[in-house]
Every structure is written in structure tokens, then in C-alpha cells.
Amino acid sequence: MAELTAVIGIGQTKHAAKRIDVSMAGLIREAAERALADAECTWADIDAVVIGKAPDMFEGVMMPELFLNDAVGGAYKPMLRVHTAGSVGGSTGIVAASLVQAGIHDRVLCVAFEKQSESNATWALSISMPFSVATVVGAGGYFAPLIRGYIRRSGCPEEIGIQVAVKDRLNALKNPYAHLQLADITPQMVRDSPMLWDPIRYLETCPSSDGACAMVMAKESIAKRASKPVAWIHATEMRSEPTMFSGRDQVMPRATLDNAKSLYEKAGITNPRKEIDCAEIYVPFSWYEPMWMEGMLISDTNQGWKMTESGATALDGDFPVNMSGGVLSSNPIGASGLLRFAEAALQVRGMAGEHQVDGAKKALGHAYGGGSQYFSTWIVGSEKP
Amino acid sequence: MSDKKPEEKEGPVQVLQTPVRLEYVFSAGQSASRLLGAMAKGKLLGQRCPVDGRVYFPSRGSCPQHGVPLDGAPVELADKGTVATYSIVRIPIEKVPLELPYVTVQVVLDGADTVLMHLLKCDVDKVHMGMRVQAKWKPREEWTSSVENILYFEPIDEPDAPYDSFKEHI
Ligand SMILES: [Zn+2]
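Description of the structure in this document. Numbering of residues starts from 1 in each chain and follows the order in which that chain's sequence is written. As they are written, the chains are lettered A onward and the ligands numbered 1 onward, keeping that order. Side-chain atom pairs in this predicted model are given and counted only at pLDDT of 80 or more, local residue features only at pLDDT of at least 70, and totals for whole chains, interfaces and linings cover all residues. Derived side-chain values reflect all non-hydrogen atoms in the structure, with water molecules and hydrogen atoms excluded from consideration.

**A look at the side chain of B:H169**
Every helix listed is a DSSP run of H or I at least four residues long, and every strand listed is a run of E at least two residues long, numbered separately from the N terminus. Mapped onto the fold, B:H169 is located in the segment after α2 (163-166). Throughout, exposure labels follow a simple rule: accessible area from a 1.4 Å probe, protein chains only, divided by the maximum for the residue type, with under 20% read as buried, over 50% as exposed, and the rest as partly exposed. With relative accessibility at 9%, the residue B:H169 sits in the buried group. Once residues lying within four places of it in the same chain are set aside, the contact partners of B:H169 are A:Q250, B:A84, B:Q106, B:V108, B:D113, B:T114 and B:V115. By definition in these notes, contact holds between two residues if any of their heavy atoms fall within 4.5 Å.

**Brief notes about the layout of surface pockets**
Only protein atoms enter the 1 Å grid used here, on which a cavity is any set of points holding a 1.4 Å probe that cannot leave and a pocket is any open set flanked by protein within 12 Å on both sides along at least five of seven lines; residues with an atom within 4 Å of a point are listed as lining. Grid points are joined across faces, edges and corners, and a volume is the space filled by probe spheres set on the points. A volume near 1600 Å³ is recorded for the second largest pocket. Lining the second largest pocket are 38 residues, and of these A:M57, A:S119, A:N120, A:W123 and B:V20 sit closest to its centre. Residues are sorted three ways: Asp, Glu, Lys and Arg are charged, Ala, Val, Leu, Ile, Met, Phe, Trp, Tyr, Cys and Pro are nonpolar, and all the rest, Gly among them, are polar. Looking at the lining of the second largest pocket residue by residue, the classes come out as 19 nonpolar, 10 polar and nine charged.

**Focus: the packing of helix α9 (residues 254-267) of chain A against helix α11 (residues 288-295) of chain A**
Residue and element names in this part refer to chain A. For the pair α9 and α11, the least separation of the axes is 9 Å and the interaxial angle reads 55 degrees. Taken as axis vectors, α9 and α11 run oblique relative to one another. Touching T256, L257 and A260 of α9 are W292, E294 and G295, all from α11. Looking at the contact of α9 with α11, its residues break down into three nonpolar, two polar and one charged. In this analysis an axis means a line fitted to C-alpha atoms, helices contributing only their contacting stretch, and an angle means the value between N-to-C directions, from 0 to 180 degrees. In what follows, roughly perpendicular refers to angles from 65 to 115 degrees, roughly parallel to angles under 35, roughly antiparallel to angles over 145, and oblique to any angle outside these ranges.

**Examining the pattern of salt bridges**
Pairs may arise between side chains of opposite charge once their charged atoms sit close together. Residue and element names in this part refer to chain A. Whenever a carboxyl oxygen of Asp or Glu lies within 4 Å of a side-chain nitrogen of Lys or Arg, that contact is scored as a salt bridge. With the rule as written, the count across this model stands at 35 salt bridges over all chains. With a shortest N-O distance of 2.7 Å, D38 and K228 are connected by a salt bridge. Taken together, the residues span a long stretch of sequence, with D38 in helix α1 (residues 24-38) and K228 in the loop between α8 (220-223) and β8 (231-240) at a distance of 190 residues. Given a relative accessible area of 9%, D38 falls into the buried group. Here R201 makes a salt bridge to E158, at a shortest N to O gap of 2.5 Å.

**Quick look at the coordination of the zinc ion**
Residues and elements named next belong to chain B. Sodium, potassium and calcium take a 3.2 Å donor cutoff, other metals 2.8 Å, and in both cases only N, O and S atoms count; water is not among them, so sites may look incomplete. Every protein donor of the zinc ion is listed here as C49 (SG), C63 (SG) and H66 (ND1), and their distances to the metal cover 1.9 to 2.2 Å. Motif for the zinc ion, donor spacing along one chain: C-x13-C-x2-H. Judged by its relative accessible area of 1%, C63 is buried. Exposure remark for H66: the relative accessible area of 31% places this residue in the partly exposed category.

**Some points on the interface of chain A and chain B**
If you look at the interface, chain A gives 34 residues, while chain B gives 38 residues. Note on terms: buried area is the combined drop in 1.4 Å-probe accessible area of two parts once they are placed together, counting the loss on both. Taking both sides of the interface into account, the surface hidden between chain A and chain B amounts to around 3400 Å²; carbon and sulfur atoms contribute 63%. Three residues, A:F131, A:T135 and A:S246, lead the burial of chain A against chain B; their summed loss comes to 20% of the area buried on that side. Summed over the shared surface of chain A and chain B, the number is zero salt bridges. Polar contacts, as used here, are pairs of N or O atoms within 3.5 Å; protein pairs need one atom able to donate a hydrogen and one able to accept it. Residues neighboring in sequence count only if both atoms are side-chain atoms. Counting every contact that joins chain A to chain B gives 10 residue pairs in polar contact (both at pLDDT 80 or more). Put simply, the parts of the chain that give the side of chain A that touches chain B at least two residues each are α5 (138-154) and β5 (195-198) of chain A. Here the side of chain A that touches chain B takes eight residues from α5(A), the largest share from any one element. Across the side of chain A that touches chain B, the residue classes tally to 19 nonpolar, nine polar and six charged.

Shape descriptors only; they carry no functional weight alone.
Here it is as C-alpha cells:
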């Protein structure tokens, strides 16, 4: 039986388009020191460090974990770097949790970051390969045809993408760490924003952010001594699949469905819509809210958009999604997955501030990456599993 | 590395620009070698999976789903196909020979069971799923061993393919 494990400390930076006030190391320290303070421990108490970020080409710095070894407190301790494309933040949290669950370490720090302003992620995502033609500009160019596929299959109205874009930005106004603070956002403003990759509009897209997130995880005997509430890890799950094969369902990949089934089985959840109180889902383009409601088996196939339409996913709905403002409001890519996991943990600790869902006891954190081919998820709870 | 001298300036140095440039050598291997060699002759060669018989184009030499080599006789494909899904792009990229806005498509070539990502030159208001399209090649004398011998796809005067015939590709 795995060691019962909890999140005992969480920290994040103020996310912004450009954090030129800090170096990459400074950005990480900002999040990590907040996590340590929250966990009421010091660098000396940390047994191992796990660091995650998106592809090196996003900043043009090869293996930044080498020069960041001291900044993350890795010196003379085990240190690992994780990479699973856009889902990397989630996977970083899962690797850290696994080290405690396996009984290898007592207290592990995980840190994930991106300093997007230091280079050009869209350029890095638009490299042409010798066996294919350069057609795609950035992640939006890749996902737009898939979103169109979802709209065709589900009959999802155009308003849904707009509705999610507004909802998440309004939630972000309650989150002082969120990058975008669009106090005057309206559906009309989203509708009037430029169409970038039809059907994705500018305001239906995530921003490009600098930011970091950190968490301290600890085994039960340490976690139960904490003076603040902790988030108990009920289950973690990951899946991957090839980017391309004949007959692959790119809109609703098998990996997401397998991942969801296994996660709920491990967490003892039979009806996710009822048993989970809120979810923080990786939604880089607004249409992915309904898509992943289906991909996480929270909604029936082709019906996910009805959850958005009915207001169920709003902060005061029966299944709040992206209470923090989500990826649509802050997107330091490497950290984005860990921020989803952290928000789920903050919710069940009752420490989410103005965007707290009243009485949240069980929450889902979710990240995906690559060509919808990596999925990382966890369920955390205010009570032990 | 830039050989520019830093400008003398009052106040703190906040950011520096350090350009990085990289060229790499692609080892084509048997499969891409055959594909690119055929492209130089204006032919599109796919490869069939021995497990389920599906035809991959472009093929990377193995089936990602079954983990087996695609080493049977190559299958010659038409340069015509059906648009499975698409996007209209309104932000610029280098190397794309079309003016903004342009259309990116996932085309199922006749005889293939995979989608090919490419460009479509057409009136952007006319593009739709099921549209029949054909490759527009560079002039023959400019052909090289490159996928870029096909500049883009163009609509052709054929009735739309029925949704059921391509829906598994969207
Ligand atoms: Zn196969």
C-alpha cells in the first residue's frame, strides 16, 4: 500500500506578460519560497526536488535545470526534471507525489515554470519537419481544426466559446495572481476580437505569461502535524498516445478516456459530476472546456457544451470549472499544469480566497499536452481517502 | 552570437538579446528516403500497415498503433482528396506562399487512411468539410526530393464526399 501523501504547501508568482523584474531563477524562488512558507518548513527540510518546464526551445535555454540547481534548492539532493509537453506541470506534481507515495522521500518540493517573454513559443511550435509542410502557426493552428471537428460532431453553438472566455476572465478578477485582469470583458468584446485561427478568436485564446508554481508534498506523519489544512492526494493518473495514427480520434483521444476511467477507479469515484465539487481543467482555447468535460467523463459525449450553457461550470454553478481564471487567464506553459493541480489543492484546503467554492471537499486537477496526447490528472480531498 | 557592441545607457541593464541559430541534419531512413525520392518524380507513395491494412501517408516507416514496420510494397496514391477538417489562419507565418487569410486543411488523399496537413488556396468563405481538392505542384523543372514540391491544394469540380466517408478523420 502506498504511503498516504498530502500537499502541505503551495506557492505561485504573480503571472504577467513580462516579469523582467526577476531572472528565471528569481521567478522560481518567488514561488518556491511561498510554498515553503505555506508548508511551515525550510529548504533544509526538503529531501528531493522535481522541476518541470515545457520544451527548452520556448526560451532558447538548453537544460535550464542545470543552472537552476541552486535556485530550486537541489544542491546535494536528488533532483529530477520532468517533461511531457503542455501537461508537464501536472506530471511534475505527480512525479513529486510518487516519490512520497513510494516511501522514497518524506518531503518533496516540486517547481514548474515558464518565462515566455524571454523567447517565442509560437516560433518554437512552428518548426517545419523534412517530411511535412509548414502550415501550422503555434498551438492555435494545430487545435483549430480539432475544435472545428468538435463543433461539427456536437452541434456546439458559437456562443459557448465566447461564454467560457468571459467566465474564466471574470473568475480571474478574483485571483490576484492571475495575469489577465479584464474587468470590462463582455461577450460582445470577445465576439469582436480578431479571428486568429478560425474558429478561435483572440479573446478565446490563452495569453503568453511569465510565471511559476511550487508545491511541497509530505507523507502522512508530517502532514498531520501541519497547522493549516492540507490536501490529501486521493489518486493520480497519466496517459499518453501517439500523435498520429490511422483512425485516431484527435478530438476525443482514447488516452483521455482511459485516463479518466482509471483516475476515478483509483479515487473510488463512480459519479464524477456528483462526487467532485469543482475542477481546474487545462483549457488553453475556450472550446476545450466542453471538450474536456466529455474527455474527463463528467458529461456525456457531445453534451459537454450544455454544462457551460446552463451555467453549471460557473463559480456559482453546481460544477465550477477554472475558478482561478484558468489557462485562459494565465499561461506560463510549463507551470500551467501545476497551477491547475495547485488550485484543486487550494480549494479543498479552503484557501482559495475570493474564488473559493464553498465547502469544496473533493477537487479535480487536470492538464494535457502535445497533440492532445499527454494527460495528467489528480483528485485531492480535504479528508483522507 | 551577435557581434554588436552593447549600447552605453544610463540605468540598470534589464534584458539582453542573445540570438541562437541551429541547423540540423535529418537522417531520412528507408521510409522517408522512399517518400522523398518518389516526390522528386511527382509521385505520392504511401505504406500499408500489415495488421489492419490501413494506408499511411506520409509514412514514418512504422505503424504507431501496432508498433510494426510498414515494409510491404508501397501504395501509389492520387494527388486528390477530401477535406476532413480545416482552419482559416489570419496570423502570418514565414514560408507559407499564400496571402492572409489562408486555409490549412487536413486532407484524406484518395487511397490513404490518414490525414495530410496542408494548405488550401481558395475563397476562404467556400471551404467546408467534405470538399474535394487536388494538389497544385510546382513546375516540374523545380521538383526536388521535398514535400514542398506540392505548393498547396486547390478545390476541384467534384461533388462533396459524404460525411460518413471521412468522419473518422475529424
Ligand atoms: Zn497498424
